[in-house]
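Coordinates in review
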Amino acid sequence: PYDVLIVGGGPAGAAAAVYAARKGIRTGVVAERFGGQVLDTMAIENFISVKETEGPKFAAALEEHVRAYDVDIMNLQRASRLVAGGKLVEVQLADGGVLKGKTVILATGARWREVNVPGEREYRNNGVAYCPHCDGPLFKGKRVAVIGGGNSGVEAAIDLAGVVQHVTLIEFSDVLRADAVLQRKLKSLPNVTIIMSAQTTEIHGDGKKVNGLTYKDRNTGELVKVELEGVFVQIGLVPNTEWLKDTVALSRHGEIEVDARGQTSLPGVFAAGDCTTTPYKQIIISAGDGAKAALSAFDHLIRSSVA
Ligand code: FAD
């Protein structure tokens, strides 16, 4: 068995692998797609000490760093079930294989929920964005829309209003679901327009970049086109934890519940990054979280009888 078996090969899983391997213990990483979400990212400008890089380049660097150590990387393998309770924790794979670890670190990340309208996929990274902390500054002085009036949408709109020229917040229902204090803040901003009962039907572009958005007024049925340069989709981040539903404690949003050390509800099972309740889903935070989970796993190993 592995001393530390890591599920997920994004920034959290890669950091966990480096930290575990540096303890000289047997380390394995199983990942559906090594690199994770950064593979879908263009510019990365907020990983401290790297002023600017691109997602695929960052992912290649993650892999190179992990490969510098004695780590088994099992790429293109999906975990489908976790079995704990015995001496070893078992990870069953979709292809029928079974891996075992004295400890397991879950680092399966998350995915942004999409609005599923024409133009969204086509202009992803060319005007369609999901992360205001990451991509907000790219729209400095421009016009953007935020789709979604929950806490994340309203927070994004407030955040962006300080950077961009104008924000249009588009909410599907006839109420904003965000906390009252956020709504008050939003309504006090001069460069924000709030549109309720509006269903986004299309994101337009010139073939290269976004130049508009159409929504349907759900009261009148009228189609309205807004000219803008960016669209932030803020209708939810879904953790990749469906396969863990019956084993480890999850929050009501499906995030793995962890304590300050990355310990989950199961002894010997730790978790890190976007798939957990750790707030703020960012590369640097996931990487730090992965390091922490690996140190916690090591601590667990030296204290347990499963030597
Ligand atoms: P992920 O990166 O999601 O990695 C999860 C890993 O687990 C992957 O290897 C995946 O294949 C694997 N996996 C999932 N399910 C299974 C399974 N069942 N079995 C096996 N493996 C599985 N953050 C920033 O800090 N700066 C940015 O500029 C930035 N830009 C972004 C742009 C875009 C378009 C997106 C989508 C995200 C961006 N982020 C950015 C967020 C950042 O990418 C994430 O916070 C970070 O990648 C999370 O790392 P993670 O390791 O927790 O999860």
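Residues numbered from 1 in each chain as written. Predicted model: local features only at pLDDT ≥ 70, side-chain atom pairs only at ≥ 80, totals over all residues. Heavy atoms only, no water.

**Observations concerning unusual backbone geometry**
Even without a glycine there, the phi angle at Ser49 is positive, about 95 degrees. Tracing the chain through its elements places Ser49 in the loop between β3 (43-44) and β4 (53-54). Ser49 gets classed as exposed once you look at its relative accessible area, which sits at 74%. For Asn125, which is not a glycine, the phi torsion comes out positive at approximately 70 degrees. Mapped onto the elements of the fold, Asn125 is located in the loop between β9 (110-112) and β10 (128-129). (Helix = DSSP H or I, 4+ residues; strand = E, 2+ residues; numbered from the N terminus. Buried < 20%, exposed > 50% of the residue type's maximum accessible area, 1.4 Å probe, protein only.)

**Observations regarding the sheet that holds strand β13 (residues 192-195)**
Pairing within the open sheet is parallel, and its five strands lie in the order β10-β17-β11-β12-β13. With one partner strand each, in any of the chains shown, β10 and β13 form the two edges of the open sheet. Direction of pairing for β10 relative to strand β17 (residues 230-233): parallel, over a ladder of two bridges. Each bridged residue has a counterpart across the sheet, and for Val128 the counterpart in β17 is Val231. Relative to strand β12 (residues 166-170), helix α4 (residues 151-161) is tilted by about 170 degrees, and along the sheet it contacts β11 (143-147), β12, β13 and β17. (Pairing = 2+ DSSP bridges. Contact = heavy atoms within 4.5 Å. Axes fitted to C-alpha atoms, helices over the stretch in contact; angles between N-to-C directions.)

**Overview of the side chain of Asp135**
Among the secondary structure elements, Asp135 is positioned in helix α3 (residues 132-135). In contact with Asp135, not counting residues within four places along its chain, are Ala43, Ala129 and Phe232.

**Quick word on the side chain of Glu171**
Tracing the backbone through its elements, the reader meets Glu171 in the loop between β12 and α5 (180-187). With a relative accessible area of 3%, Glu171 lands in the buried category. Apart from residues lying up to four places away in sequence, Glu171 is in contact with Gly148, Gly149, Gly150, Leu176, Arg177, Ile195, Met196, Ser197 and Ala198.

**Focus on the environment of Asp217**
The topology assignment puts Asp217 in strand β15 (residues 210-217). Spatially, the C-alpha atoms of Asp217 and Phe172 are 9.2 Å apart, while their sequence positions differ by 45 residues. The residues touching Asp217, leaving out its near neighbours within four places in the chain, are Ser197 and Glu222. Engagement of the side chain of Asp217 in a polar contact is seen with the backbone nitrogen of Asn219, the distance being 2.8 Å. (Polar contact = N/O pair within 3.5 Å; in protein donor to acceptor, adjacent residues only side chain to side chain.)

**Digging into the site of the ligand**
The local shell around the ligand holds 35 residues, among which Arg33, Gln37, Asn46, Ala79 and Ile283 are the closest. Between the ligand and Pro11, the relevant distance is 3.2 Å, taken from an oxygen atom to a main-chain nitrogen or oxygen of the residue. Contacts to the ligand include Ala79, whose backbone N or O atom sits 2.8 Å from a nitrogen atom. Contact with the protein chains hides 96% of the accessible area of the ligand, taken as 1,000 Å² for the molecule alone. Of all the secondary structure elements, the ones that give two or more residues to the shell around the ligand are α1 (11-21), β3, β9 and α6 (283-303). Of the residues in the shell around the ligand, the class split is 14 nonpolar, 14 polar and seven charged. (Near = heavy atom within 4 Å. Areas by Shrake-Rupley, 256 points an atom, 1.4 Å probe, with all protein chains shown as cover. Nonpolar A, V, L, I, M, F, W, Y, C, P; charged D, E, K, R; others polar.)

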